[in-house]
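Residue-level structure breakdown
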Amino acid sequence: MTYAMIGTWRMAYEGLSQGLNLLKSGGSSGDTVESAIKVVEDYPFFKSVGYGGLPNEDGLVELDSAFMNGDTFGVGAVMGIRDVKNPISVSRSLSKEHFNSVLVGDGATQYAVKNGFELKNMLTSRAKKIWEKRKREIAEKNLSPYDGHDTVGMISLDQEGSMSVGTSTSGLFMKKAGRTGDSALVGDGFYVDSDIGGAAATGLGEDIMKGCLCYEIVRLMGNGISPQDACDQALYPFLRKLKKHFGKIGEFSLVALNKSGQWGVATNVEFTFAMGNDHETAAVYVAYPDENDKTRINPITQDWMDAYEKRIKAPIN
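A closer look at the sheet that holds strand β4 (residues 102-104)
- Strand order across the open sheet formed by nine strands is β4-β3-β2-β6-β5-β1-β11-β12-β13, with mixed pairing between neighbours. Here the strands that pair on one side only, and so sit at the sheet edges, are β4 and β13 (295-299). Direction aside, neighbouring strands of the sheet carry axes that sit 15° apart on average.
- Bridge count between strand β1 (residues 4-8) and strand β5 (residues 152-157): four bridges; the pairing is antiparallel. In the sheet register, I6 faces β5, and the bridge partner there is I155.
- The strands that helix α1 (residues 13-24) touches are β1, β5, β11 (271-277) and β12 (283-289); relative to β1, the one it contacts most, it runs at about 165°.

What follows is the structure, given as structure tokens:
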């Protein structure tokens with residue numbers, strides 16, 4: 001039977017690799033998405049997700065996450081949750097609730113405490129150093145505070161034909177307290193329907209949420225369009241419309257997976273992602289937009305992978 005996973009950014013690779021092994025052994029799409037994202041949340045050198053995620057302007061790590069079950073349409077999400085080790089697990093738990101399935105701020109944290117989820121100070125010494133450095137740069141060089149907003153998004157198809165999607169992020173670096181982006185908003189940052197497929201987004205949430213692009217990609221796939229064409233047709237015309245009406249465009253990157261295991265990607269920046277299925281081992285690719293509203297995709301080299309590891313672990317001066 002077919003199984004497959006796709007995830008945003010290079011940071012998805014290790015979790016996705018483990019997730020594919022789980023799928024191969026008959027694991028469910030929901031378990032796979034949750035476990036794969038937890039790998040990303042737990043790794044301290046991914047500075048935009050989970051432990052080691054970059055803080056807001058007050059030096060506090062506020063995390064957003066969401067989970068959707070493609071069989072039931074159950075959605076759970078948390079926004080601005082603090083001191084909880086794995087927000088994706090809280091989101092998945094909430095997706096089983098009919099009422100109160102999306103919680104914010106203190107309410108999200110209280111739910112996690114009451115339901116026995118592991119608590120943890122998510123601010124690492126490394127992330128604090130990066131925050132302190134940025135504060136100095138803002139004061140001394142009059143730089144914009146906002147730098148970095150990558151979300152990990154995972155879509156999974158299991159051997160039974162069930163699909164799930166999940167997201168997790170620490171959001172915009174140096175954001176205002178209480179700010180949230182698209183990652184926890186259904187239809188904007190994620191969407192999945194096991195009868196069709198799923199999509200997940202990463203980039204500047206304030207702009208992504210203007211388009212409901214993940215829902216649009218799934219809708220297009222439901223009309224028989226391939227995931228790649230659906231991504232291209234949803235993203236590039238919307239970018240032109242946003243530029244016309246709003247005057248500027250942030251970063252947009254989207255991944256999609258359909259019920260047959262076919263996948264697609266669209267982006268307006270250099271964008272890495274991880275993918276694997278029942279006949280392709282997990283691998284990292286890089287995508288670029290071209291001038292014809294299409295997406296170019298190339299495999300990543302081992303030299304690039306080695307350089308990436310060195311860069312994210314480099315000392316903070």
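Now that the structure is up, let's keep going.
Structural notes on the pairing of β11
- Among the seven residues of β11, seven are classified as buried, and the element is accordingly described as predominantly covered.
- Side chains F271, F273, M275 and N277 of β11 all project onto a buried face; the interleaved residues T272, A274 and G276 project onto the opposite face, where all are buried too.
- As judged from the five bridges shared by β1 and β11, these two strands associate in the antiparallel manner. Paired with I6 across the strands is M275, a residue of β11.
- Connecting the antiparallel pair β11 and β12 is a turn made up of five residues.

Things to note about the layout of surface pockets
- By volume, the largest pocket is sized at about 910 Å³.
- Within the residue set of the lining of the largest pocket, elements represented by two or more residues are α5 (125-141) and α9 (302-312).
- Of all the elements, α5 adds the most residues to the lining of the largest pocket, at five residues.
- Here the lining of the largest pocket is composed, by residue class, of 13 nonpolar, seven polar and 11 charged.

A look at the packing of aromatic side chains
- For the coordinates displayed, the defined rule picks out 12 aromatic pairs.
- Measuring from ring centre to ring centre gives 4.8 Å for W9 and F271, while their planes differ by 85°; the resulting arrangement is edge-to-face. Of this pair, W9 sits in the loop between β1 and α1 while F271 sits in strand β11; the two residues are 262 residues apart in sequence, bridging distant segments of the chain.
- In this structure F271 comes out as buried when scored by relative accessible area, which is 0%.
- Members of the aromatic cluster, joined through ring pairs, are W9, W263, F271, F273 and Y285.
- Positioned over the ring face of F246 is K210, at 4.3 Å from the centre of the ring.
- The cationic tip of K313 hangs over the ring face of F45; the distance from NZ or CZ to the ring centre is 5.7 Å.

Cut-offs and rules
Residues numbered from 1 in each chain as written. Predicted model: local features only at pLDDT ≥ 70, side-chain atom pairs only at ≥ 80, totals over all residues. Heavy atoms only, no water. Pairing = 2+ DSSP bridges. Helix = DSSP H or I, 4+ residues; strand = E, 2+ residues; numbered from the N terminus. Axes fitted to C-alpha atoms, helices over the stretch in contact; angles between N-to-C directions. Contact = heavy atoms within 4.5 Å. Buried < 20%, exposed > 50% of the residue type's maximum accessible area, 1.4 Å probe, protein only. 1 Å grid on protein atoms, 1.4 Å probe; cavity = no way out; pocket = protein on both sides within 12 Å on 5 of 7 lines; lining within 4 Å. Points joined across faces, edges and corners; volume = space filled by probe spheres on them. Nonpolar A, V, L, I, M, F, W, Y, C, P; charged D, E, K, R; others polar. Phe/Tyr/Trp six-rings, centres within 6.5 Å; stacked < 30°, edge-to-face > 60°. Lys NZ or Arg CZ within 6 Å of the ring centre and 35° of its normal.

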